[in-house]
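# Coordinate analysis (summary)
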Amino acid sequence: MSVLDQQSIFTSMLQEGPFAVGDKPPLSHPFSMETKEWVGSISSNPIIKTRYRAVRNQIFEFLGIESFDEVFDLIHRQDVKRDTARRAHKLLGNMFGIQADDSEICRYLKEYARHADDVVNSLRFKVLAPYASHIEMTNEIETTTDPVDLLLIIFNDRFHQKARFEAKRKLQLMNLAGSIDQRERETQVVAKFSQFLDFLNDFVWSPSLKIGDLEISYLHSRHDPEDFKCTDVKVIPAKEAEMLVPGPGEKLTLVKRRSFGDDGRETPIYVSIRKKPPSAKVLKLLRKNQKDPAVAVDDELGLMAVLNTVGDVKMFMKHLTQSAVQASSFMTLEDISDTLTGGNYASTSTGSSVKTPMLKFFARLGGMRVEFIIHTNKSYLNYIYQRDVSHDEYEIKRIFDTGVAEFLFPKDIYHLNMDKIRQGRINWCRKRIEED
């Protein structure tokens, strides 16, 4: 289900529906023509009516009021708003499992506000970079971190429609950021990430090298002009790469490689270790149309490895499981998908290509569940450069094809044609890959 669907879990954010942010705040008189028309628009949909009542009741309980008429007092009386904010902070602290005083809860809320801004800015400076000025946040919204202030802005006629929508959007993103932070504290992700790095350094990588000692090499590759798929690749040292000028259809790709030892043989391996930042997790919740991080974000800890051959990949798998035993932990491999030796990758992610070759699995060890994505040199280069496969293209497609771009920047407010932008950004991505 798309995040833009009327059955979406984020219905209250949609500009096509009863929760749309209009030219005027939603505080019309109960017997006004606008209110009668609005009631008529939702009367035939019992699900929408139920969701409206739920959202309305949440607003009343959060602000400690019994009707929308009382919102004016909160907007115009600072003393009443301060008392309401202190009460609301305690409610939010208990909801997110923060056992602390008001100042500490406010610190968490400011973090959630920063993560919410990071979600918007990550798209503004990457996928939607040419349209940064179009989607730039209203200054007053970017500097506001208190949920009560943001909620009241939605009902304040002094603020433009765009600012009121951005206040509502920021509240929604802050809520997701809070859920993610709560799960990270419950599952101790930061501590486990540190343990994972210690495990790799102590038991997996070659002890003959110091931590962080990496061999700089380059992958010199040739690519098919039809789809830019890698047809040939060889590893060359840095000095040779300095003398080489790639021609048309050629690429020179830097890889900083570690090594692991097996039966007295040192095998080079390029490794990229990742821990998703909160903004990336929020975007994933939106793409998956989920509010529960436990359901949608299953790859909090991850490692991507690149080896020379399929034989080296098999050797690394064996070495990995043996290393876990040395660390006094059994290792099980779950959800294995192997397309390095042929076949298609049966991805369920919107925007992902079924032509993506890789070995993918989750390793459970030492109380952790870590995602591993393993490539050979050739499949890694396809992952970077091949048409309809490259990760840069995938990042663009999934933001548009899941509806997240339109969801965060609706057309009636930002006046952007997302279908046209999508194709333009893909064309730019291919030009940068194939011509640079």
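Before reading further, recall that the structure is shown in the block above.
My aim in this report is to walk through the structure given alongside it, one point at a time. Since the structure is predicted, the reported quantities are computational estimates derived from the model, not experimental observations. (Residues numbered from 1 in each chain as written. Predicted model: local features only at pLDDT ≥ 70, side-chain atom pairs only at ≥ 80, totals over all residues. Heavy atoms only, no water.)

Within the protein chain, the regular secondary structure consists of 19 helices and eight strands. Based on the C-alpha atoms only, the size of the protein chain along its principal axes is roughly 80 × 50 × 40 Å. Counting only residues that meet the buried cut, the protein chain has 47% of its 436 residues in that class. Look at the contacts in the protein chain between residues 6 or more apart in sequence, and 70% of them connect residues 24 or more apart. Of the accessible surface of the protein chain, which amounts to about 21,800 Å², a share of 51% is contributed by carbon and sulfur atoms. The distance from the centre of the 61 positive side-chain charges to the centre of the 62 negative ones in the protein chain is 1 Å. (Helix = DSSP H or I, 4+ residues; strand = E, 2+ residues; numbered from the N terminus. Buried < 20%, exposed > 50% of the residue type's maximum accessible area, 1.4 Å probe, protein only. Contact = heavy atoms within 4.5 Å. Areas by Shrake-Rupley, 256 points an atom, 1.4 Å probe, with all protein chains shown as cover. Lys, Arg positive; Asp, Glu negative; His and termini not counted. Charge placed at Lys NZ, Arg CZ, Asp CG, Glu CD.)

Relative to each other, helix α4 (residues 78-95) and helix α5 (residues 102-124) sit at 70 degrees, their axes nearing to 10 Å. The angle between α4 and α5 places the two elements in the roughly perpendicular class. Across from R86, H89, K90, L92 and G93 in α4, the residues of α5 making contact are D102, I105, C106 and L109. Split into classes, the residues belonging to the contact of α4 with α5 amount to four nonpolar, two polar and three charged. (Axes fitted to C-alpha atoms, helices over the stretch in contact; angles between N-to-C directions. Parallel < 35°, antiparallel > 145°, perpendicular 65-115°, else oblique. Nonpolar A, V, L, I, M, F, W, Y, C, P; charged D, E, K, R; others polar.)

Attention shifts here to the pairing of strand β8 (residues 368-376). Within β8, eight of the nine residues are buried, leaving the element largely enclosed by the surrounding structure. When strand β5 (residues 301-307) meets β8, the two strands line up parallel, connected through six bridges. Among the inter-strand pairings, G302 is bridged to a residue of β8, identified as E371. As judged from the seven bridges shared by strand β7 (residues 359-365) and β8, these two strands associate in the antiparallel manner. Residue pairing for β8: L359 is matched across the bridge by I374. Linking β7 back to β8 in an antiparallel pair, the connection comprises two residues, with G366 at a positive phi of about 50 degrees. (Pairing = 2+ DSSP bridges.)

To continue, consider the nonpolar core. By size, the foremost hydrophobic cluster in this structure holds 82 residues, and its most contacted members are L63, L286, L408 and F409. Considering every element that reaches this core, the biggest residue donor is α5, with nine residues. Setting aside residues no more than four positions away along its own chain, L63 makes contact with L74, T84, R87, V148, L151 and L152. Ranked by size, the runner-up nonpolar core spans 30 residues in total, among them F193, F196, F199 and V204. (Core = buried A, V, L, I, M, F, W, Y, C linked by side-chain atoms within 4.5 Å.)

What follows deals with the packing of helix α10 (residues 189-204) against helix α14 (residues 310-326). Packing of α10 against α14 brings their axes to within 10 Å, and their N-to-C directions diverge by 100 degrees. As far as their axial angle goes, α14 and α10 are roughly perpendicular. Facing α10, whose interface residues are F199, F203 and V204, α14 presents F316, H319, L320, S323, A324 and Q326. By residue class, the composition of the contact of α10 with α14 is six nonpolar, three polar and no charged.

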